[in-house]
Protein chains: 2
Amino acid sequence: MRSKKGVLVVLSGFSGAGKGTVMKRLLEKYDNYALSISATTRSPRPGEQEGVSYFYKSVEEFEQMIKEKRLLEYAKYVNNYYGTPKEYVISKLEEGKDVILEIELQGAMQIKDMLPDTVLVFVTPPSAEILKNRLIGRNTEDMETINKRLARASEEAEGMERYDYILINDELEECVDDLHGIIQAEHLNMKKNESFVSKIKDEVKVFAN
Amino acid sequence: MRSKKGVLVVLSGFSGAGKGTVMKRLLEKYDNYALSISATTRSPRPGEQEGVSYFYKSVEEFEQMIKEKRLLEYAKYVNNYYGTPKEYVISKLEEGKDVILEIELQGAMQIKDMLPDTVLVFVTPPSAEILKNRLIGRNTEDMETINKRLARASEEAEGMERYDYILINDELEECVDDLHGIIQAEHLNMKKNESFVSKIKDEVKVFAN
């Protein structure tokens, strides 16, 4: 038995850690997960679908959502807004789905502020050496791109301790099972079972009389 | 991959919640667990073994252990001391064993103070009704004993929120798997992986230069 409300999980981590692959495999392998869908002001690309790839918004609509605090987090990249609509996430959690989303440190912190029950997971390869090899890749990129990536990893590492869990992506299936295990355990987190706890406490109090 | 040091788990909960059965089954079903062994000043009973059932101590020895802070927690019941020797627990954790022990709220809080990484798990039946039926038992006990047990449950409920996890013992195997899952997830807790984190952070910092 476990709390019926879903758990919100934020996945961050080094570029090259395989976050996307882990999420994809988690959704294939286990039921009960929903992906968060972002809102954006950028135009749909061929093949993308409203409400599947993104919720497409005008700048005015997006700024209205910011004003009304209808976004769990948002950021601007290259003149376009990207953000996580609160309503969609909350409705999935209420349905009992565990909602998973991939964002960077700053977004993760914004979400944790708004919804303190959010579980923050940082994904990393087993060693810096392996990370470096993955980032350098197959010599198809110039030195500048590679150096940017390496510098980026150094920035990403700064916020690691602010996450709740570290997920080491060595072997994919093991990593996915570990992530699933973390989320299952979080359903048993005392703070996520307040209604059950207060119910049984009230009932048990009667025994003393 | 996970932290190599063991996790210390304290199990508390309602009398009648089946803590003993859960622990026994956990140790049968999964490797890597060690039971904490208590120290006591009471005399060995027939069949009990030093270092297996208990570590038997004289009152002087026990009070010396208290003075030297060599106990993670202790209490006195019916003129006898009972406590958890720190050295035994720490050595098992260093070996990589997950150490599990069953104590009450006050002892649990003493341990958490001394070793903040300790995971506190509160075991409860699925409802107060079921707890009551288990406490009342099979009508072999007088009303006074039953009322004492019911009043005790009410006291035990008071500290519930101070635990990290709630474990609902409905179906035994599921409950044991849930407990094992909590402990596995705790190996991935960020705070329990400080040495890995600081190592990878240092290595990654070099990338930026």
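Remember, predicted model here, so these are calculated numbers, not experimental data.

(A) Spatial organisation of the nonpolar core. One finds Phe14(A) and Phe14(B) to be the most contacted residues of the largest nonpolar core, which totals 108 residues. Among residues more than four places away in sequence, those in contact with Phe14(B) are Ile200(A), Val204(A), Lys19(B), Phe122(B), Val123(B), Thr124(B), Pro125(B), Leu131(B), Ala153(B), Glu156(B), Ala157(B) and Met160(B).

(B) Structural detail: the sheet that holds strand E4 (residues 55-56) of chain B. Residues and elements named next belong to chain B. Spatially, four strands are ordered E4-E3-E6-E5 in an open sheet, and the strand pairing comes out mixed. Strand pairing shows two members of the sheet lacking a second neighbour, E4 and strand E5 (71-77), which therefore form its edges. As paired elements, strand E3 (residues 39-40) and strand E6 (residues 80-85) share two bridges and run antiparallel to each other. Residue pairing for E6: Thr40 is matched across the bridge by Tyr82.

(C) The arrangement of the relation of the copies chain A and chain B in detail. Superposition record for chain A on chain B: RMSD 0.0 Å, screw rotation 180°, translation along axis 0.0 Å. Between the two chains, the operation in question is that of a two-fold axis. Here 100% of the contact residues of chain A are again contact residues in chain B; the copies associate through an equivalent surface.

(D) The confidence of the model for chain A, seen in detail. Chain-level pLDDT for chain A is 92 on average; 97% of the residues reach the 70-or-more range. Interface predicted TM-score (ipTM) for the complex: 0.91; the corresponding pTM is 0.91.

(E) Highlighting unusual backbone geometry. Residues and elements named next belong to chain B. Backbone geometry at Val78 places phi at a positive 45°, although glycine is not the residue there. Structurally, Val78 is set in the loop between E5 and E6. A residue is classified by how much of its surface remains accessible, and Val78, at 78% relative accessible area, is exposed. Non-glycine residue Asn79 carries a positive phi angle of around 70°. In this fold, Asn79 is placed in the loop between E5 and E6. Residue class for Asn79 comes out exposed when judged on its relative accessible area of 68%.

(F) Seen up close, the sheet that holds strand E8 (residues 119-124) of chain B. Residues and elements named next belong to chain B. Ordered in space as E2-E7-E1-E8-E9, the five strands form an open sheet in which the pairing is parallel. Each edge of the sheet is formed by a strand with only one pairing partner; in this case those strands are strand E2 (33-35) and strand E9 (165-168). Across the sheet, the mean angle from the axis of one strand to that of its neighbour is 30°, orientation sign disregarded. Where helix H3 (residues 86-94) meets the sheet, its contacts fall on strand E1 (8-13), E2 and strand E7 (98-102), and the angle it forms with E7 comes to roughly 145°. Set on the sheet, helix H7 (residues 172-186) makes contact with E1, E2, E7, E8 and E9; between it and E9 the angle comes to about 160°.

(G) Representation of the pairing of strand E1 (residues 8-13) of chain A in the model. Residues and elements named next belong to chain A. The buried fraction of E1 is high, at six of six residues. One ladder, built from four bridges, connects E1 with strand E7 (residues 98-102); its direction is parallel. Across the sheet, the residue bridging to Val10 is Leu101, located in E7. Where E1 and strand E8 (residues 119-124) come together, five bridges link them in parallel fashion. Bridging across to E8, Gly13 finds its partner in Val123.

(H) Just the interface of chain A and chain B, in detail. Counting from both sides, the interface comprises 42 residues of chain A and, opposite them, 42 residues of chain B. Buried surface at the junction of chain A and chain B, both sides included, amounts to about 3,900 Å², of which 71% is carbon and sulfur. Across the chain A-chain B interface, the total number found is two salt bridges. Glu161(B) is the partner of Lys201(A) in a salt bridge, and the nearest nitrogen-oxygen pair spans 2.7 Å. Seen at the junction of chain A and chain B, the total is ten residue pairs in polar contact (both at pLDDT 80 or more). Listed by contribution, the elements that provide at least two residues to the side of chain A that touches chain B are E8, helix H5 (128-136), helix H6 (143-158), strand E9 (165-168), helix H7 (172-186) and helix H8 (194-205) of chain A.

(I) Local environment of the pattern of salt bridges. A complete count under the given rule lists 32 salt bridges over all chains for this structure. Between Asp177(B) and Lys29(B) there is a salt bridge, with the nearest N and O atoms lying 3.0 Å from each other. Here Lys29(B) lies in helix H1 (residues 19-29) and Asp177(B) lies in helix H7, a separation of 148 residues in the sequence. Judged by its relative accessible area of 32%, Asp177(B) falls in the partly exposed class. Taking relative accessible area as the criterion, Lys29(B) reaches 32% and is therefore assigned partly exposed. One connected set of salt bridges, linked through shared partners, spans Lys24(A), Arg25(A), Glu28(A), Lys29(A), Glu173(A) and Asp177(A).

Cut-off values and rules
Position numbers for residues count from 1 along each chain, tracking the sequence in the order it is written. Written order determines the labels here, with chains lettered from A and ligands numbered from 1. Per-residue local features are limited, in this predicted model, to residues with pLDDT of at least 70; the limit for side-chain atom pairs, both in listing and counting, is 80 or more; totals at the level of whole chains, interfaces and linings are taken over all residues. For side-chain calculations, the full set of non-hydrogen atoms in the structure is used, while hydrogens and water are omitted. Residues belong to a common nonpolar core when they are buried Ala, Val, Leu, Ile, Met, Phe, Trp, Tyr or Cys residues joined through side-chain atoms within 4.5 Å. Accessibility here uses a 1.4 Å probe with only protein chains present; expressed as a share of the type maximum, an area under 20% marks a residue as buried, one over 50% as exposed, and anything in between as partly exposed. Contacts were defined at the residue level, with two residues in contact if any of their heavy atoms lie within 4.5 Å. Here, a strand pair is defined by DSSP locating no fewer than two bridges between the strands. By definition, any uninterrupted DSSP run of H or I lasting at least four residues is a helix, any uninterrupted run of E lasting at least two residues is a strand, and each is numbered from the N terminus. Residues reaching a pLDDT of at least 70 in both copies supply the C-alpha atoms on which the copies are superposed by least squares. For every residue, the pLDDT score states the predictor's confidence, bounded by 0 at the bottom and 100 at the top. Fitting a line to C-alpha atoms yields each axis, with helices limited to the stretch in contact; the angle taken between N-to-C directions then spans 0 to 180 degrees. Accessible area that two parts lose when put together, with a 1.4 Å probe and added across both, is what the buried area reports. Each salt bridge in this description consists of a side-chain nitrogen of Lys or Arg and a carboxyl oxygen of Asp or Glu lying within 4 Å of one another. Think of a polar contact as two N or O atoms within 3.5 Å of one another; within protein, one of them needs to be a possible hydrogen donor and the other a possible acceptor, and neighboring residues in sequence only count if both atoms come from side chains.

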